[in-house]
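Observations on the model geometry
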Amino acid sequence: MSLSVKQRGVVRDFFQVISTRTEDIGADALSRLVAVYPQTKSYFSHWSSTAPGSAPVRKHGQTIMTGVVDAVSKLDNLKDGLLSLSELHAFMLRVDPVNFKLLGHCMLVCMSMYYPEEFTPKVHIAVDKFLNQLALALSDKYR
């Protein structure tokens with residue numbers, strides 16, 4: 001399930017298109033995650049609010065999308081490029097790796113809502129593969 005050279009180009013091009021709305025996409029995706037999968041709130045119990053759209057959710061959504069955009073620049077070697085994030089989530093934060101896939105799905109939904117014309121089937125396939133590879137790279141230190 002690796003990305004072809006062409007699909008990597010599709011991912012890079014699409015992320016250029018969405019670059020002006022990544023904060024909104026991240027906030028909405030994380031809001032969806034905590035609303036649809038309430039068990040994920042347990043990782044954020046130290047926040048003042050985990051309500052969709054709250055300030056902590058928006059801030060962390062932006063942090064997540066900053067990391068995702070950074071991962072796009074590391075498409076050729078996600079595993080090594082995301083090593084420190086994988087270690088952080090595995091050893092310090094102890095996030096269940098299934099949550100990376102759940103969040104990726106929420107991101108796909110938000111991207112398709114914000115960019116319905118640009119989110120073609122070809123883009124959907126490439127970005128879905130990318131987010132799955134990203135989840136796999138973040139899960140690497142769990143093994």
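Look up: the structure comes first, before these words.
Residues numbered from 1 in each chain as written. Predicted model: local features only at pLDDT ≥ 70, side-chain atom pairs only at ≥ 80, totals over all residues. Heavy atoms only, no water.

Right, let's get into the nonpolar core. If you look at the biggest cluster of nonpolar residues, it comprises 42 residues, and the most contacted ones within it are Phe14, Phe15, Val68, Met107, Met111, Val127 and Phe130. Of all the secondary-structure elements, those providing two or more residues to this core are helix H1 (5-18), helix H2 (22-36), helix H3 (55-72), helix H6 (98-114) and helix H7 (121-138). When sequence neighbours within four positions are dropped, the list of residues in contact with Phe14 reads Met111, Tyr115, Glu118, Phe119, Val123 and Val127. (Core = buried A, V, L, I, M, F, W, Y, C linked by side-chain atoms within 4.5 Å. Buried < 20%, exposed > 50% of the residue type's maximum accessible area, 1.4 Å probe, protein only. Helix = DSSP H or I, 4+ residues; strand = E, 2+ residues; numbered from the N terminus. Contact = heavy atoms within 4.5 Å.)

So, on to H2. The terminal C-alpha atoms of H2 lie 21 Å apart, and with 15 residues this matches the ideal 21 Å at 1.5 Å per residue to within 8%. Those residues of H2 lying buried are Thr22, Ile25, Gly26, Ala27, Ala29, Leu30, Ser31, Leu33 and Val34. Lining the buried residues of H2 we find H1, H3 and H6. (Expected span 1.5 Å × (residues − 1).)

When two helices pack together, their arrangement is given by the angle between the helix axes and the distance between those axes. Where H1 contacts H7, the two axes come as close as 9 Å, and the packing angle between them is 95°. By the angle between their directions, the pair H1 and H7 is classed as roughly perpendicular. In this structure, H1 contributes Gln7, Val10, Val11, Phe14 and Phe15 to the contact, and H7 contributes Lys122, Val123, Ile125, Ala126, Val127, Lys129 and Phe130. Among the residues forming the contact of H1 with H7, the class breakdown is nine nonpolar, one polar and two charged. (Axes fitted to C-alpha atoms, helices over the stretch in contact; angles between N-to-C directions. Parallel < 35°, antiparallel > 145°, perpendicular 65-115°, else oblique. Nonpolar A, V, L, I, M, F, W, Y, C, P; charged D, E, K, R; others polar.)

What the rule picks out here adds up to five aromatic pairs. Relative to Phe15, the ring of Phe14 lies with its centre 6.3 Å away and its plane at 90°, an arrangement referred to as edge-to-face. Like Phe15, Phe14 is buried. Judged by centre distance (6.3 Å) and plane angle (80°), the ring pair of Phe14 and Tyr115 falls under edge-to-face. One end of the pair, Phe14, is in helix H1; the other, Tyr115, is in the loop between H6 and H7, and 101 residues separate them in sequence. By relative accessible area, Tyr115 is classed as buried at 9%. Taken together, the aromatic side chains of Phe14, Phe15, Tyr115, Phe119 and Phe130 make up a single cluster linked through ring pairs. (Phe/Tyr/Trp six-rings, centres within 6.5 Å; stacked < 30°, edge-to-face > 60°.)

Moving on to the packing of H6 against H7. Relative orientation of the contacting elements H6 and H7 amounts to 155°, with a least axis distance of 9 Å. The angle between the axes of H6 and H7 places the two elements in the roughly antiparallel class. The element H6 and its partner H7 pack so that their crossing is right-handed. Contacts from Phe100, Lys101, Gly104, Met107, Leu108 and Met111 in H6 reach His124, Val127, Asp128, Leu131, Asn132, Ala135 and Leu138 in H7. Residue composition of the contact of H6 with H7, grouped by class: eight nonpolar, three polar and two charged. (Left-handed = near helix turned anticlockwise from the far one by under 90°.)

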